[in-house]
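Working through the structure, step by step
For reference, the chains in residue letters:
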Amino acid sequence: MKTVTLIVPCFNEADVLPMLYKEVSRVISSLSFRYSFELLFVDDGSNDETLNIIKAIAERNTQVKYISFSRNFGKEAAMLAGMKNANSDFVGIIDADLQHSPDLIPEMLVAVDDEGYDVAAAKRSDRAGEAKIKSALSAQFYKVINKISETKIDDNAQDFRIMKKAVVDAIVSLEEKNRFSKGIFSWVGFNVKWFPHENRERAAGETKWSIRKLMRYALDGIMSFTVSPLRLSFIVAVVLGILSVILAFLGLVIPFNLPDYRIYMLLLGAIFFVTAIVCVLTGIVGEYLGRAYIEIKSRPVYIISETNIGKTIFDEI
Ligand code: UDP
Ligand code: MG
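Residues numbered from 1 in each chain as written. Chains lettered and ligands numbered in written order. Predicted model: local features only at pLDDT ≥ 70, side-chain atom pairs only at ≥ 80, totals over all residues. Heavy atoms only, no water.

Focus on the overall build of the protein chain
Applicable threshold: What counts as a helix is a DSSP run of H or I of at least four residues, what counts as a strand is a run of E of at least two, and both are numbered from the N terminus. It is over C-alpha atoms that the radius of gyration is taken, and the globule rule equals 2.2 Å times the number of residues to the power 0.38. Think of it in three bands: with a 1.4 Å probe and only protein chains considered, a residue is buried below 20% of the maximum accessible area for its type, exposed above 50%, and partly exposed in between. The criterion used for residue contact is that any of the two residues' heavy atoms lie within 4.5 Å. In these tables, accessible area is a Shrake-Rupley quantity obtained with a 1.4 Å probe, and a residue counts as shielded only by the protein chains included in the view. Charge assignment in this entry is limited to Lys and Arg as positive and Asp and Glu as negative, and neither His nor the chain termini are counted. A charge is said to be at NZ when it belongs to Lys, at CZ for Arg, at CG for Asp and at CD for Glu.
Secondary structure assignment for the protein chain yields 11 helices and 7 strands. Relative to the globule expectation of 20 Å for 317 residues, the C-alpha radius of gyration of the protein chain, 26 Å, shows a markedly less compact shape. Reported as C-alpha extents along the three principal axes, the dimensions of the protein chain are approximately 95 × 55 × 35 Å. Across the 317 residues in the protein chain, those meeting the buried criterion constitute 42%. Residue pairs in contact within the protein chain that sit at least 24 positions apart in sequence constitute 81% of those at least 6 positions apart. As presented, the protein chain carries roughly 17,900 Å² of accessible surface, and 62% of it is formed by carbon and sulfur atoms. Looking at charge distribution, the protein chain has the averaged site of its 37 positive side-chain charges lying 4 Å from that of its 38 negative ones.

Structure follows, in structure tokens:
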């Protein structure tokens, strides 16, 4: 039987965990003829009853495993810990708050197991139930990041997904510490089948994302997927260069009987020109820094999805 691990990152989710467990169990048991499931709860340093509830569930059900963090490290860390510790043929991620409907799991498994997709992922079909300001800010964020980054990140893609083991291995092989999973999921590639998924209200509890946390997350996204901001000083250099030429020109055409204006224009032009040179030099440092940054992240140069190298004729029989 093929194995499936479902990772559930949890931060102070005591109010919804029993409901989630009930819902997921119902779906899992309907599929138990075909798959052997494991539920992997990652308690992200909760300070409510979350861990106790998970332990109580794990005591009754040997299919339930858990990892508990020493403090809150964030959902990214929780997902990574889950993926590193999942050894199944298929690995899924689902939020604890039932905003991700477990009823999609059977269809997702069909996609990755029967239809030849590598990933089955949910895509938000609307942003109902979300604060207006949050929707607006996040729409702007995706606009910016898609403009400046080579990795295209879908605004509506959710973390709710089921992946083949190979995809999880690829994701885990990116060893960067500032992780922005939405970008990483898209960066590793593979064949994705998208499932439109309506945004549901949280079943209980409240969102763990404050505006501050979201801002930091957005910055992480930009910083880990593009070094373009480092090129800003080249743009500034060009603007200042053009201005300095205009000022120098003005300084030269101003008649001799207005000596003060002449000097101001030429002086200002000279200042702009020198600043432009400094910006170019900073830009050069930025280019090296950007490359050093990319090297340090040591992302794999490529990711193989399939090969027959290393297979012997006996493997096929
Ligand atoms: N979560 C986590 N660590 C955090 C914040 C959130 O593990 O620091 C989990 C949370 O328990 C939930 C999922 O990530 O299972 C999504 O969080 P939430 O529902 O608060 O985010 P939203 O759906 O509002 O974007
Ligand atoms: Mg939620």
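Examining a nonpolar patch on the surface
Filter applied, for reference: Residues enter patches when their relative accessible area tops 30% and they take part in no salt bridge; the joining distance is 9 Å for like charges and 5 Å for the nonpolar side chains Val, Leu, Ile, Met, Phe, Trp and Tyr. By salt bridge we mean one thing: a side-chain nitrogen of Lys or Arg within 4 Å of a carboxyl oxygen of Asp or Glu.
Side chains of Leu 232, Ile 235, Val 238, Val 239, Ile 242, Leu 243, Ile 246, Phe 249, Leu 250, Leu 252, Val 253 and Leu 266 sit close together on the surface and give an oily, nonpolar patch of about 1,100 Å² of accessible area. At 11 residues, the largest contribution of residues to the nonpolar patch is made by helix H9 (residues 232-253). Looking at where Leu 243 falls in the secondary structure, it is placed in helix H9. By relative accessible area, which is 35% here, Leu 243 ends up partly exposed.

Focus on the nonpolar core
Across soluble globular proteins, you tend to see nonpolar side chains buried next to one another. The following threshold applies: In this description, a nonpolar core means a group of buried Ala, Val, Leu, Ile, Met, Phe, Trp, Tyr and Cys residues linked to one another through side-chain atoms lying within 4.5 Å.
Formed by 34 residues in total, the largest nonpolar core has its most connected members in Leu 39, Phe 41, Ile 105 and Leu 109. Take this core: its biggest share by element is 6 residues, from helix H1 (residues 17-30). Leave out the neighbours within four places in its chain, and Leu 39 touches Leu 6, Val 8, Tyr 21, Val 24, Ile 28, Gln 63, Val 64 and Lys 65. By size, the runner-up hydrophobic cluster in this structure holds 33 residues, among which are Val 91, Val 168, Leu 174 and Phe 190.

Observations regarding helix H2 (residues 50-60)
Where we set the bar: The arc in question is the one traced by the directions running from the helix axis out to the C-beta atoms.
Of the positions making up H2, those classed as buried are Thr 50, Ile 54, Ile 57 and Ala 58. In a view along the axis of H2, the buried residues occupy a sector of 100°, so they form one face of it. Exposed and facing more than 90 degrees away from the buried side of H2 are Glu 59 and Arg 60. The secondary structure elements touched by the buried residues of H2 are strand S1 (2-10), H1, strand S2 (35-43) and strand S3 (64-68).

Points about the sheet that holds strand S7 (residues 192-197)
Filter applied, for reference: In this analysis, strands are considered paired if DSSP registers two or more bridges between them. Axis definition: a line fitted to C-alpha atoms, over the contacting stretch in the case of helices. Angles run 0 to 180 degrees between N-to-C directions.
Pairing in this open sheet of 7 strands is mixed, and the strands run S3-S2-S1-S4-S6-S5-S7 from one edge to the other. One side of each edge strand has no neighbouring strand; the edge strands of this open sheet are S3 and S7. On average, each strand axis in the sheet is inclined to that of its neighbour by 20°, with strand direction left out of account. Bridge analysis of S1 against S2 gives 9 bridges, and the strand direction is parallel. Within the sheet, the bridge partner assigned to Leu 6 lies in S2 and is Leu 39. Where H1 meets the sheet, it contacts S1, S2 and S3, and its direction lies at approximately 165° from that of S2.

Looking at the coordination of the magnesium ion (ligand 2)
Here is the rule we go by: For Na, K and Ca the donor cutoff is 3.2 Å, while for all other metals N, O and S atoms count as donors only within 2.8 Å; water does not appear among the atoms, so some sites may look incomplete.
Bound to the magnesium ion (ligand 2) are the protein donor atoms Asp 97 (OD) and Gln 99 (OE1), situated 1.9 Å from the metal. Taking relative accessible area as the criterion, Asp 97 reaches 4% and is therefore assigned buried.

Some points on the packing of aromatic side chains
Our working rule: Pairing of aromatic side chains requires ring centres within 6.5 Å, counting the rings of Phe and Tyr and the six-membered ring of Trp. Pairs whose planes differ by under 30 degrees are stacked, by over 60 edge-to-face, and all others tilted. Here, over-ring charges are defined by two tests on the NZ atom of lysine or the CZ atom of arginine: distance to the ring centre within 6 Å, and angle to the ring normal within 35 degrees.
If you walk through the whole model with that rule in mind, you get 7 aromatic pairs. Consider the rings of Phe 69 and Phe 73, whose centres lie 5.6 Å apart with planes at 90°: the pair is edge-to-face. On the numbers, 4.9 Å between centres and 50° between planes, the contact of Phe 180 with Tyr 217 is tilted. Here Phe 180 is found in the loop between helix H6 (165-173) and helix H7 (181-187), whereas its partner Tyr 217 is found in helix H8 (residues 211-225), with 37 residues between them in sequence. For the pair shown, Phe 180 and Tyr 217 are each scored as buried. One aromatic cluster in this structure is built from Phe 141, Tyr 142, Phe 180, Tyr 217 and Phe 225. When the ring centre of Phe 73 is taken as reference, the NZ or CZ atom of Arg 71 above it lies at 3.9 Å. In this structure, Arg 299 packs its charged tip against the face of Phe 225, placed 4.3 Å from the ring centre.

Looking at the site of ligand 1
Filter applied, for reference: The nearness test applies per residue and asks whether one of its heavy atoms lies within 4 Å of the molecule or strand. Each polar contact in these results corresponds to two N or O atoms within 3.5 Å; when the atoms are within protein, one needs to be able to donate a hydrogen and the other to accept it, and residues that are neighboring in sequence are counted only if both atoms are side-chain atoms. Ten residue types, Ala, Val, Leu, Ile, Met, Phe, Trp, Tyr, Cys and Pro, are classed as nonpolar, four, Asp, Glu, Lys and Arg, as charged, and the remainder, Gly among them, as polar.
Taken together, 18 residues lie around ligand 1, and Glu 13, Asp 44, Asp 97, Thr 207 and Lys 208 are the ones closest in. Interatomic distance of 2.9 Å between a backbone N/O atom of Ala 96 and an oxygen atom of ligand 1. One of the side-chain nitrogen or oxygen atoms of Gln 99 is found 2.7 Å away from an oxygen atom of ligand 1. Residue classes in the shell around ligand 1 are distributed as 5 nonpolar, 4 polar and 9 charged.

Concerning the packing of helix H5 (residues 132-148) against H8
Note the cut-off: An angle below 35 degrees is treated as roughly parallel, one above 145 as roughly antiparallel, one from 65 to 115 as roughly perpendicular, and anything else as oblique.
Between H5 and H8, whose axes approach to 10 Å, the crossing angle comes to 10°. Classed by the angle they form, the pair H5 and H8 counts as roughly parallel. Counting all contacts with H5, which are made through Lys 134, Leu 137, Phe 141, Val 144, Ile 145 and Ile 148, the residues of H8 involved are Ile 211, Leu 214, Met 215, Ala 218, Gly 221 and Ile 222. Here the contact of H5 with H8 is built from residues that sort into 10 nonpolar, 1 polar and 1 charged.

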